[in-house]
Amino acid sequence: MKTPNQIAAEVLTTLRNKRPLILNLTNNVVQSITANMLLAVGGVPVMLTHSEEIRDLLHICANGMLVNVGTLNEQQAHTMKTAVRDAAKAGVPWVLDPVAVGLLKFRTEVCNELLSTPPAMIRGNASEIIALAGAQGALCRGVESAADSAAALPAAQALARKTGAAVLVTGETDYITDGARTITCTNGHEIMTRVTGVGCAMGALCAACVASADTAFDAAVATAAILGLAGERAAATCPHPGTFAAALLDELDKLTPQALQNDARLTEAP
Amino acid sequence: MKTPNQIAAEVLTTLRNKRPLILNLTNNVVQSITANMLLAVGGVPVMLTHSEEIRDLLHICANGMLVNVGTLNEQQAHTMKTAVRDAAKAGVPWVLDPVAVGLLKFRTEVCNELLSTPPAMIRGNASEIIALAGAQGALCRGVESAADSAAALPAAQALARKTGAAVLVTGETDYITDGARTITCTNGHEIMTRVTGVGCAMGALCAACVASADTAFDAAVATAAILGLAGERAAATCPHPGTFAAALLDELDKLTPQALQNDARLTEAP
Amino acid sequence: MKTPNQIAAEVLTTLRNKRPLILNLTNNVVQSITANMLLAVGGVPVMLTHSEEIRDLLHICANGMLVNVGTLNEQQAHTMKTAVRDAAKAGVPWVLDPVAVGLLKFRTEVCNELLSTPPAMIRGNASEIIALAGAQGALCRGVESAADSAAALPAAQALARKTGAAVLVTGETDYITDGARTITCTNGHEIMTRVTGVGCAMGALCAACVASADTAFDAAVATAAILGLAGERAAATCPHPGTFAAALLDELDKLTPQALQNDARLTEAP
């Protein structure tokens, strides 16, 4: 059986060879960093807004899709609902990033409706995962989580079992679960939360890894380690957010499977 | 009585402790730098586009709101008109950045309508402030001001008295007035005008300072000094716009109240 | 007769003196880098979304306009169709960047309709130019070209003759043609394709150069050399994409007409 570090290394190897094309339906703030993080890690980003074009691309060449509800409006909600159904028909796996779900009513309803088409993965902070699982829990403050990621593990496991998706709860420690098995990742650095879009772009990396892995669970393990390790390496030389953002892209570009094998801090939970 | 430098230092201290959550209704070009400048200085940015979600956030946890009309369309104008009324009901102070007002008719009408709900602060270049005050004056060339900031001082004072808002006129010298008292700030560097969004993101810093100050006038004084001092420090080592943009975020992160106390160039006008 | 390097140097000199104001109707992902590349090279960027404001600006002070269909929706398509007609009435030259044309049906129809108002220049990769010329050819994979730029030269020449526009086919070698004369440019570096928006922002540089040149053909020659030379200089010190993006803006700012005279690799095709 493969170790978690082997899984992460193999997913990155496949991603670099396959160069998956990821369709991103994401918020207005993070379009550029999402595309740049995908390019840096080895993927190909595409952003579209027109439902017919989305459907066409899903059938022609998309390998994965991200849906992020950060700046949701009525029109985009409609586009996303159509897109996840089209992705299912085209056999393209999709990832949900339920930004600020539980805090704001409109997006909470939309996310619940989106889940009627099963995603391959759900990525969120503790508050979002707790809210999406329908559990009682602390609401987030804006897009920040008010809860610790460990506190969301039972909700994450329940959400994984309910939806069939791998669930990635991000925080100081990341938790990855498919409802049965759980792995933690302690790579990363606090400064990653002080550059807008690093978390949202992580959803796009999830989609790129899903397109490059045997299972969505393996993809979530790899995503947490890839971004966490690149982030801590960038923070080691660039402790302030402006130069850190550029260094993070450089480190994603430089990251090797061997580095993941050696330095990922992934642990199977008992 | 506090000196202007003391005011600026105290506002930054409060901002760092309070971490105000700022809702930004801003243009398409500057979403990312707006969020990153807020994060760097110590605030929490949120961007939303759906009127109900905006209303909900204003009542739950927003500490300030920015309205910037840079890429205004009919839908966004409607959202902004609703948002400023909801902000007033929720007791959340809002800041108006009337980009290119006076040059383009549609936004000029919208800004005048927005002003029926009094903002805490108005930030603009000389041409915009002159136009918004309803005075005759030089029109701006695109988003650049054709007038010197000093030439806009009488219009700024009249606008402050008419609206009750603090007015911040940006230029080589910044002028801050509440209609009675006026302070100038000479911190800053020309290269700040050669990175897109620095001026627009300043409006978000205004909102973060309003949420952290005793008066909007104090907040405007602090904003001018914070951004100006960070900007001139970044320019000292990075004289070209790409690396300057990253350095500006680093300097906002590094800036201390003590640095403002020592190096802000704020002067009470006679 | 001027050499191609002289042409490039003279266009940059004029651009720096004139500071052309460029109106950009472009996609959601690249708004910021488009504005920043224009500012770095010496232009003045404006982004608008409201048709009346676009019409007003075209008549007041715009020197050129970019139309880029990267994230096209119904509303934006309508705005663009109106804008190109208004640009023609106002005598403002416009540049078409037909992102992913040929791959996606909706934008292909819109681009063909836009061409009923002749653009000054068309910039695309090989697949896009082949598709827009109506020729049989390889479809692009997402926004990447599946065809070599040389393979698109006959289509580019046909498209130039049909539309009257200068055509710039970008790739490892750039081809510039007006249907009669052809010049190649071999400046540039592969890493430019790994930062989102460099290609799209090139369309804005095209518009700034059109506003600063005797002919659109001269403008295309200058654009290819300006961006290619700045890119290869940035890549020489910054081989990874995060720091490269900042260095590219710095090099555009530092680039002199003399550098183009000396180091542009422009060759008249036989």
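The rules we used
- Residues numbered from 1 in each chain as written.
- Chains lettered and ligands numbered in written order.
- Predicted model: local features only at pLDDT ≥ 70, side-chain atom pairs only at ≥ 80, totals over all residues.
- Helix = DSSP H or I, 4+ residues; strand = E, 2+ residues; numbered from the N terminus.
- Rg over C-alpha atoms; globule rule 2.2 N^0.38 Å.
- Buried ≥ 20, exposed ≤ 12 C-beta atoms within 10 Å, placed from the backbone.
- Least-squares fit on C-alpha atoms with pLDDT ≥ 70 in both.
- Contact = placed C-beta atoms within 7 Å.
- Axes fitted to C-alpha atoms, helices over the stretch in contact; angles between N-to-C directions.
- Parallel < 35°, antiparallel > 145°, perpendicular 65-115°, else oblique.
- Left-handed = near helix turned anticlockwise from the far one by under 90°.
- Nonpolar A, V, L, I, M, F, W, Y, C, P; charged D, E, K, R; others polar.
- Pairing = 2+ DSSP bridges.
- Right-handed = clockwise from strand over helix to strand, strands pointing away.
- Arc of directions from axis to C-beta.
- pLDDT = per-residue confidence, 0-100.

Focus on the overall build of chain A
- Tallying secondary structure elements over chain A gives eleven helices and nine strands in all.
- In summary, chain A has a C-alpha radius of gyration of 17 Å against a globular reference of 18 Å for 270 residues, a match within 12%.
- Each principal axis of the C-alpha distribution contributes one length, and for chain A these read about 45 × 40 × 40 Å.
- Buried positions account for 67% of the 270 residues belonging to chain A.

Considerations on the relation of the copies chain A and chain C
- Relative to chain C, chain A is turned by 120° and slid 0.0 Å along the rotation axis, the superposed coordinates differing by an RMSD of 0.0 Å. The superposition operator between the copies reduces to a three-fold rotation axis. Residue Asn28(A) of chain A places its C-alpha closer to the rotation axis than any other residue of that unit, at 4.2 Å.

Here's the deal with the relation of the copies chain C and chain B
- Least-squares fitting of chain C to chain B yields an RMSD of 0.0 Å, with the transformation described by 0.0 Å of translation along the axis and a rotation of 120°.
- The overlap is low: 14% of the interface residues of chain C also sit at the interface in chain B, so different surfaces are used on the two sides.

Digging into the packing of helix 3 (residues 51–60) of chain A against helix 4 (residues 74–90) of chain A
Residues and elements named next belong to chain A.
- The interhelical angle for the contact between helix 3 and helix 4, taken along N-to-C directions, is 20°, at an axis separation of 9 Å. One element, helix 3, and the other, helix 4, form an angle in the roughly parallel class. For the crossing formed where helix 3 meets helix 4, the hand is right-handed. Residues Ser51, Ile54, Arg55, Leu58 and His59 of helix 3 touch helix 4, and the partners they reach there are Thr79, Thr82, Ala83, Asp86, Ala87 and Ala90.
- Among the residues making up the contact of helix 3 with helix 4, the classes are represented as five nonpolar, four polar and two charged.

What to know about the interface of chain A and chain C
- Each partner contributes to the interface: chain A provides 29 residues, whereas chain C provides 26 residues.
- Going through the elements one at a time, helix 2 (31–41), strand 2 (44–46), helix 3 and helix 10 (241–254) of chain A are the ones with two or more residues in the side of chain A that touches chain C.
- Among the elements that take part in the side of chain A that touches chain C, helix 10 of chain A stands out by supplying eight residues, more than any other.
- Partitioned by chemical class, the residues of the side of chain A that touches chain C number 17 nonpolar, six polar and six charged.

Comments concerning the pairing of strand 1 (residues 21–25) of chain B
Residue and element names in this part refer to chain B.
- Buried residues dominate strand 1, accounting for five of its five residues.
- Taking every second residue as pointing to the same face, both faces of strand 1 are buried, with Leu21, Leu23 and Leu25 on one and Ile22 and Asn24 on the other.
- Sheet analysis places strand 1 next to strand 2 (residues 44–47), joined by four bridges and oriented parallel. Residue Asn24 lies in a different strand from strand 2, and its bridge partner there is Met47.
- Relative to strand 3 (residues 64–68), strand 1 is paired through four bridges, and the arrangement is parallel. By the bridge assignment for strand 3, Leu23 is matched with Met65.

Let's talk about the environment of Leu115(C)
Residues and elements named next belong to chain C.
- Inspection of the secondary structure puts Leu115 in the loop between helix 5 (105–114) and strand 5 (121–125).
- Note on Leu115: 18 C-beta atoms within 10 Å, which makes it partly exposed.
- Between the C-alpha atom of Leu115 and that of Leu132, which follows or precedes it by 17 residues, the distance is 9.7 Å.

Digging into the environment of Ile22(A)
- Locating Ile22(A) in the fold gives a position in strand 1 (residues 21–25).
- In contact with Ile22(A), other than residues within four places in its own chain, are Leu38(A), Gly43(A), Val44(A), Pro45(A), Asn63(A), Gly64(A), Met65(A), Leu66(A), Ala204(A), Ala207(A) and Ala208(A).

Describing the sheet that holds strand 5 (residues 121–125) of chain A
Residue and element names in this part refer to chain A.
- Across the sheet, nine strands lie side by side as 2-1-3-4-5-6-7-8-9; this open sheet has mixed pairing. The open sheet has two edge strands with one neighbour each: strand 2 and strand 9 (266–268). In this sheet, neighbouring strand axes are inclined to one another by 20° on average, regardless of whether the strands run parallel or antiparallel.
- The sheet contact formed by strand 1 and strand 2 spans three bridges and is parallel. Across the sheet, the residue bridging to Leu21 is Val44, located in strand 2.
- Where helix 4 meets the sheet, its contacts fall on strand 1, strand 3 (64–68) and strand 4 (94–97), and the angle it forms with strand 3 comes to roughly 155°.
- Helix 9 (residues 216–237) rests against strand 5, strand 6 (166–170), strand 7 (174–177), strand 8 (182–185) and strand 9 of the sheet, and its axis sits at about 20° to strand 6.

Overview of the packing of helix 4 of chain A against helix 5 (residues 105–114) of chain A
Residue and element names in this part refer to chain A.
- Two elements in contact, helix 4 and helix 5, have axes separated by 10 Å at closest approach and are oriented at 15°. On the basis of their axis angle, the class for helix 4 and helix 5 is roughly parallel. In this structure, helix 4 meets helix 5 at a crossing whose hand is right-handed. The residues of helix 5 that touch helix 4, namely those facing Ala77, Met80, Lys81 and Val84, are Val110, Glu113 and Leu114.
- Considered class by class, the residues forming the contact of helix 4 with helix 5 number five nonpolar, no polar and two charged.

Some points on the interface of chain C and chain B
- Taken together, the contacts link 29 residues of chain C with 26 residues of chain B.
- Residue assignment for the side of chain C that touches chain B shows that the elements contributing at least two residues are helix 2 (31–41), strand 2 (44–46), helix 3 (51–60) and helix 10 (241–254) of chain C.
- With eight residues, the top contributor of residues to the side of chain C that touches chain B is helix 10 of chain C.

Some words on the sheet that holds strand 1 of chain B
Residue and element names in this part refer to chain B.
- What the nine strands build is an open sheet, ordered 2-1-3-4-5-6-7-8-9; its pairing is mixed. Strands at the two margins of the open sheet, each flanked by one partner only, are strand 2 and strand 9 (266–268). The mean inter-strand angle of the sheet, taken between neighbouring strand axes irrespective of direction, is 20°.

A few points about the pairing of strand 5 of chain C
Residue and element names in this part refer to chain C.
- Where burial is concerned, most of strand 5 is hidden: five out of the five residues are buried.
- Of the pairings in the sheet, the one linking strand 4 (residues 94–97) to strand 5 comprises two bridges and is parallel in character. Across the sheet, Val95 pairs through a bridge with Met121, a residue of strand 5.
- Viewed along the sheet, the connection from strand 4 through helix 5 into strand 5 turns out right-handed.
- Note: strand 5 against strand 6 (residues 166–170), five bridges, orientation parallel. In the sheet register, Asn125 faces strand 6, and the bridge partner there is Thr170.

A short note on helix 5 (residues 105–114) of chain B
- Looking at helix 5 of chain B, one finds that the buried residues are Arg107(B), Val110(B), Cys111(B) and Leu114(B). The buried residues of helix 5 of chain B occupy one face: seen down the axis, they fall within an arc of 100°.
- The inward-facing, buried residues of helix 5 of chain B abut strand 3, helix 4 (74–90), strand 4 (94–97) and helix 6 (126–132) of chain B together with helix 3 of chain C.

Quick word on unusual backbone geometry
Residue and element names in this part refer to chain B.
- Unusually for a residue other than glycine, Arg19 sits at a positive phi of about 50°.
- Locating Arg19 in the fold gives a position in the loop between helix 1 (4–18) and strand 1.
- With 18 C-beta atoms packed within 10 Å, Arg19 lands in the partly exposed category.
- A positive phi angle, close to 65°, is found at Ala100, a residue other than glycine.
- Within the fold, Ala100 resides in the loop between strand 4 and helix 5.
- Overall, the presence of 27 C-beta atoms within 10 Å leaves Ala100 in the buried class.

Regarding the confidence of the model for chain A
- Per-chain confidence: chain A averages 95 in pLDDT, with 95% of residues scoring 70 or above.
- Taken together, the chains of this predicted complex give a pTM of 0.96 and an interface ipTM of 0.95.

So, the environment of Ala8(C)
All names here are of chain C.
- You can see Ala8 is positioned in helix 1 (residues 4–18).
- Sequence separation between Ala8 and Ala235 is 227 residues, and the spatial gap between their C-alpha atoms is 21 Å.
- Dropping the residues within four chain positions of it, Ala8 is found in contact with Val221, Ala222, Ala225, Ile226, Leu260, Ala264 and Leu266.

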